[in-house]
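Notes for the structure review
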Amino acid sequence: VFGDIDAYAPAFERAVQAMTAHTGRRPLLVGHSMGGLAARAWWRTWRQACARAGEPVPALADRVCGIVTLGTPHQGTWLARFSRTANGRQMRMGSRWLQALLADEPPAQRQRIECWSAACDGVVYPPGVAELDGAPHRRVEAVGHLGLIEAPEVWQAVQAHLWQADQAAAQGANPGRLSCFSRLAAAESRENPYISPMARDSSVSRHVRAPIRTLGVEHRPAILKHLLALGERDRYLRFGYATTDEH
C-alpha cells in the first residue's frame, strides 16, 4: 500500500493478460486516486520492457481500450507533502517521479486517458491537479474524493467506453458476444444504450449520493455552524480553494 507505485506494474500486466484471455477483448482500466498513476506506471513499464527486448512498442490502444482515472493526482497533491512513504513522496506536487512519468509518455496517446475530478476533493488538491496535459478531463460537482467512485456520471461514462469498445470489436461478429456490461447498458435504453433512464429523466437528480450517515434538513444549522467556524487554512484543506462565508 505504501510502496513504490511502479511496483504495481506486474499485477496490472497479469490482470490485463487474464482479462484479454478470458474475454477476447481489450480491458478498460479504471483507477481511483493513486490507482490512476499505477495504470500509467504500468503502461510505461510495459513500453520500456518492449524497447529493452528490441520489440516494436505498440500503442496503448493495442493493449487496452482506454484508461479512466478518478481523482488521480496526475500533478501531485498538497496533502502528500506531509508523507514519508515511498508512494507519498512520488505524489508530491511536481515530484521527479511525476515529471519523469509525464516526460516518458507519448503525448498523442494521452487521448486514451480520461481524467475525472471532484469539485469537493479534500485529498487531491488544489483544483486542477487531477488533470493530465493532453488528456480529456471531466469534473463532477458536489462530490468529494470517494464520491467519484459512485457518481452516476462516472458509471455512465464507463459503460459508454465498454459499449463503444464492444461495438468496434463486434464489427461483423456475432452480436451475442457483447459483454455483460454492454447488454446491461442496452437493456437500460434502446435509444442510447449506455445512458440510464435516471440520467435521462430530468425529474430525477443526477447527484444521487449514499452518505456515510443520514443527514436531514434538521442537521443544516449544525453543519453551517461547523463550516463557518473553520479557519481560513482549514477551509482550504477541506474544499481545496479559498472559501468565504458566502461561497
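Predicted model, so just to flag it, every value in this text is computed and none were measured.

1. Some thoughts on the overall build of the protein
Scanning the protein from terminus to terminus reveals 9 helices and 4 strands. Taken from N to C terminus, the helices and strands of the protein fall in the order α-β-α-β-α-α-β-β-α-α-α-α-α. Buried residues in the protein amount to 38% of all 247 residues. Considering only intrachain contacts with a sequence separation of at least 6, the fraction spanning at least 24 residues in the protein is 65%. Of the roughly 14300 Å² of accessible surface on the protein, a fraction of 58% belongs to carbon and sulfur atoms.

2. Side note on the confidence of the model for the protein
In this model, the protein carries an average pLDDT of 81, and 78% of its residues clear a pLDDT of 70 or more. Long-range and interchain partners of residues 172-212, a stretch whose pLDDT sits below 50, account for 51 contacts in this model, where long-range means more than four residues apart.

3. Considering the packing of aromatic side chains
Both the distance between ring centres and the angle between the ring planes are used here to describe each pair of aromatic rings. Following the criterion strictly, the structure yields 2 aromatic pairs and no others. On the basis of an interplanar angle of 10 degrees and a centroid distance of 6.0 Å, the ring pair of Trp42 and Trp46 is categorised as stacked. Residue Trp42 and its partner Trp46 are located together in helix α2 (residues 34-52), separated by 4 residues, close to a single helical turn. Assigned by exposure class, Trp42 and Trp46 land together as buried. Its guanidinium or amino end placed over the ring of Trp43, Arg47 lies 4.7 Å from that ring's centre, counting from NZ or CZ.

4. As for the side chain of His145
With respect to the element layout, His145 can be found in the loop between β4 (137-140) and α5 (152-169). There is a polar contact of 2.9 Å between the side chain of His145 and the side chain of Asp121.

5. Topic: unusual backbone geometry
Cis geometry marks the peptide bond from Tyr125 to Pro126; its omega dihedral reads 5 degrees. By the element assignment, Pro126 lies in the loop between β3 (113-118) and β4.

6. Focus on a nonpolar patch on the surface
Residues Leu79, Phe82 and Val123 make up a contiguous nonpolar surface patch of about 250 Å² in total accessible area. Accessibility expressed as a relative area gives 38% for Leu79, which makes it partly exposed.

7. A closer look at the pairing of strand β1 (residues 28-32)
Of the strand pairs in this sheet, β1 and strand β2 (residues 66-70) are connected by 5 bridges, and their pairing is parallel. Residue Gly31 lies in a different strand from β2, and its bridge partner there is Thr69. Crossover handedness for the path β1 to α2 to β2: right-handed.

Thresholds applied
- Residues numbered from 1 in each chain as written.
- Predicted model: local features only at pLDDT ≥ 70, side-chain atom pairs only at ≥ 80, totals over all residues.
- Heavy atoms only, no water.
- Helix = DSSP H or I, 4+ residues; strand = E, 2+ residues; numbered from the N terminus.
- Buried < 20%, exposed > 50% of the residue type's maximum accessible area, 1.4 Å probe, protein only.
- Contact = heavy atoms within 4.5 Å.
- Areas by Shrake-Rupley, 256 points an atom, 1.4 Å probe, with all protein chains shown as cover.
- pLDDT = per-residue confidence, 0-100.
- Phe/Tyr/Trp six-rings, centres within 6.5 Å; stacked < 30°, edge-to-face > 60°.
- Lys NZ or Arg CZ within 6 Å of the ring centre and 35° of its normal.
- Polar contact = N/O pair within 3.5 Å; in protein donor to acceptor, adjacent residues only side chain to side chain.
- Patch = residues over 30% accessible without salt bridge, like charges linked within 9 Å, V, L, I, M, F, W, Y side chains within 5 Å.
- Salt bridge = Lys/Arg side-chain N within 4 Å of Asp/Glu carboxyl O.
- Pairing = 2+ DSSP bridges.
- Right-handed = clockwise from strand over helix to strand, strands pointing away.

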